Amino acid sequence: MSLMSRLAFAGVLAVGAFAAPVVAQEGSLTISVGFISESEIPDPRASYNGWMSNQTGVTETLMGLDYDMKLYPRLAEAIEQSAPTTWRVTLREGVTFHDGSALTAQAVIDSISPMSEEGHPASNARIVKLLDLAGMSTDGDRVVVFETNSPNAAFPWSLSEPGLAILGAPSDAFPINGTGPYIFRDAVPNQEYRVEANSDYRLGVPGFEEVRVVGIANPSSAALAFEAGEVDMVINYPEADFARISAGEAQGFSAPTSRLYFYTVNAASGPMSNPLIRKAVSFAIDRNGVVDAVLSGVGGVAAGTVFPAGKNWAADIAAEYDPAKAEALLAEAGAVKTGGQWMLDGAPLEIDIVTYSSRAALSPTAEITQAFLSAIGIKASVKVGEWGASNDQIAAGEADLFLQAWVATPQGDPGSVLEALLKSDGGSNSGRYANAELDKLLEAGRLTFDQDKREAIYDDVQQIIAADAALIPVFHVSQVNVAKAGLTGYQVHPTETYWLTHETKLAE
């Protein structure tokens, strides 16, 4: 791989959970989001904490993704592949951590190494698997040499993963010792995440003295807090109210993202373990009807596959709605329709749907799906709870469908999400789907460096997913955010992991 060209930095800012009303002060910005970590010091390398620290500009990664989803060197100056399993990353000169210490090759190694240590606060099996490192070494102060266990075409993209935040040694003054435009100050578990400006940031002084991210799990409550002036910005504003609020003095931001609303299927037990019934359920859902009803015309496209149509990696697979075909598949699966109700093995065919409440579009999407299934004679129930509880239910075989919303290309590469969700040993394969052919293709996608061949492999992967209804895509959404008037230097990023740059500010 040739040396990658240098691109301009795109910094970030964040969002969280809500306790009591927080009134914005001069020089500050208060942002509402649906979730904030349960930790007082959320290590960016653990779980998905890196999203928050990346969004709030506390931490930075070696590589980044620009607003066109192109990879660029961030803390790195360049990256090159010197052998099939060897990558040399040259660091930028003059970068310092928040405590003033220098960014060095050894500091990068010291930051990444604990992620593979079981029991360490930075432990993250998901990212360790993503990197598949055999070892790391230095070549002077500015070059980190990464050795992977096998050829990995996705490796440069993996270095943009927000959880791969590069951190200096922590201290009481800098418990999260990053390199970004904002400095972590404190967090209240499940409630608030607070950062302050890094006046020594290499690209310039940030636009706010302080940023507070507060967690409001209910999107409607977040909207009320915004109208009451308790928050200055809402990430994932309720779609149904977006047109009204942005027609007034508030600023509305809407742009397409790679976030997919989809159903994880219980492929190990119950009716959805039968591919014919899975496909029948998929054909029974009018995805365009869901988009029209749920997203209120502010952004969303019916999804036939995992990646947005017309974008990188998307296979040409249409979103099909065909109730007659759905019923034919149910009959092929051995179900019998009696009195308008499908029966399977002598009992009514019932589908239990679970989802969570932190995104406004989830609950109505599940309810509309319930109505579409009822229209063809399948009884369905909907239970709305927290993400963790819903995930546990599908994993335990206590539910049949789990409606989720994931960014399909968080690192710009197709492999990581597909492997997590659908590979037999995937870390987020809560539906326990297993397909040996799919596993082999996903392995081949990592081992293949030719771009055309990689695209063909992931096209085949998507064809298998569609044919087997390994998961059921519903729609890709545009993120809609609302802010008080005068916010400049902000735009929606397609991965949602970049928010405010150091240049973002409120006009006077």
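Residues numbered from 1 in each chain as written. Predicted model: local features only at pLDDT ≥ 70, side-chain atom pairs only at ≥ 80, totals over all residues. Heavy atoms only, no water.

Here three strands make up an open sheet; going across it, the order is 14-15-16 and the pairing antiparallel. What marks the edges here is a single partner per strand, and that holds for strand 14 (336-338) and strand 16 (347-348). The pairing of strand 14 with strand 15 (residues 341-344) spans three bridges and is classified as antiparallel. For T338, the partnering residue across the bridge sits in strand 15 and is Q341. (Pairing = 2+ DSSP bridges. Helix = DSSP H or I, 4+ residues; strand = E, 2+ residues; numbered from the N terminus.)

Turning to the packing of aromatic side chains, a few remarks are in order. Inspection of every chain in the model, using the stated rule, returns 13 aromatic pairs. Ring plane angle 55° and centroid distance 6.0 Å describe the contact between Y321 and F372, whose orientation is recorded as tilted. With Y321 in the loop between strand 13 (300-302) and helix 9 (323-332) and F372 in helix 10 (residues 362-375), the pair connects residues that are 51 residues apart, well separated along the chain. Note on Y321: relative accessible area 41%, which makes it partly exposed. The exposure class assigned to F372 is buried, which follows from its relative accessible area of 17%. (Phe/Tyr/Trp six-rings, centres within 6.5 Å; stacked < 30°, edge-to-face > 60°. Buried < 20%, exposed > 50% of the residue type's maximum accessible area, 1.4 Å probe, protein only.)

For the rest of this paragraph, the subject is the side chain of H476. Of note, H476 is situated in strand 20 (residues 471-483). At a separation of 2.6 Å, a polar atom in the side chain of H476 contacts the main-chain carbonyl oxygen of V306. Non-local contacts of H476, meaning those with residues more than four positions away in its chain, are made with T257, S258, R259, L260, G300, V301, A303, T305, V306, F307 and P308. (Polar contact = N/O pair within 3.5 Å; in protein donor to acceptor, adjacent residues only side chain to side chain. Contact = heavy atoms within 4.5 Å.)

Below, the discussion takes up the packing of helix 12 (residues 415-422) against helix 14 (residues 451-468). As a packed pair, helix 12 and helix 14 sit with axes 12 Å apart at the nearest point and diverge in direction by 30°. The interaxial crossing formed by helix 12 with helix 14 has left-handed handedness. Note on element contacts: helix 14 touches helix 12 through Y458, V461 and I465, opposite G415, L418 and L422. Here the contact of helix 12 with helix 14 is composed, by residue class, of five nonpolar, one polar and no charged. (Axes fitted to C-alpha atoms, helices over the stretch in contact; angles between N-to-C directions. Left-handed = near helix turned anticlockwise from the far one by under 90°. Nonpolar A, V, L, I, M, F, W, Y, C, P; charged D, E, K, R; others polar.)

We now examine the nonpolar core. Inside soluble globular proteins, nonpolar side chains tend to come together where they are buried. Within the largest apolar cluster, 70 residues are counted, with the highest numbers of intra-cluster contacts made by Y263, L330, L401, I465 and F475. Top contributing element to this core by residue count: helix 7 (residues 275-284), with six residues. Excluding anything up to four places from it in sequence, L330 contacts I277, A280, A335, W342, L349, I376 and I378. With 30 residues, the next largest nonpolar core counts W87, A107, V108 and L164 among its residues. (Core = buried A, V, L, I, M, F, W, Y, C linked by side-chain atoms within 4.5 Å.)

Once that is clear, we can look at the pattern of salt bridges. Under the counting rule described, the total for this entry stands at 24 salt bridges. With a shortest N-O distance of 3.9 Å, R88 and E80 are connected by a salt bridge. Where K484 meets D232, a salt bridge forms, and the shortest distance between an N and an O atom there is 3.7 Å. Remark: D232 occurs in the loop between helix 5 (219-227) and strand 11 (233-234) and K484 occurs in the loop between strand 20 and strand 21 (487-490); sequence separation between them is 252 residues. Exposure remark for D232: the relative accessible area of 4% places this residue in the buried category. (Salt bridge = Lys/Arg side-chain N within 4 Å of Asp/Glu carboxyl O.)

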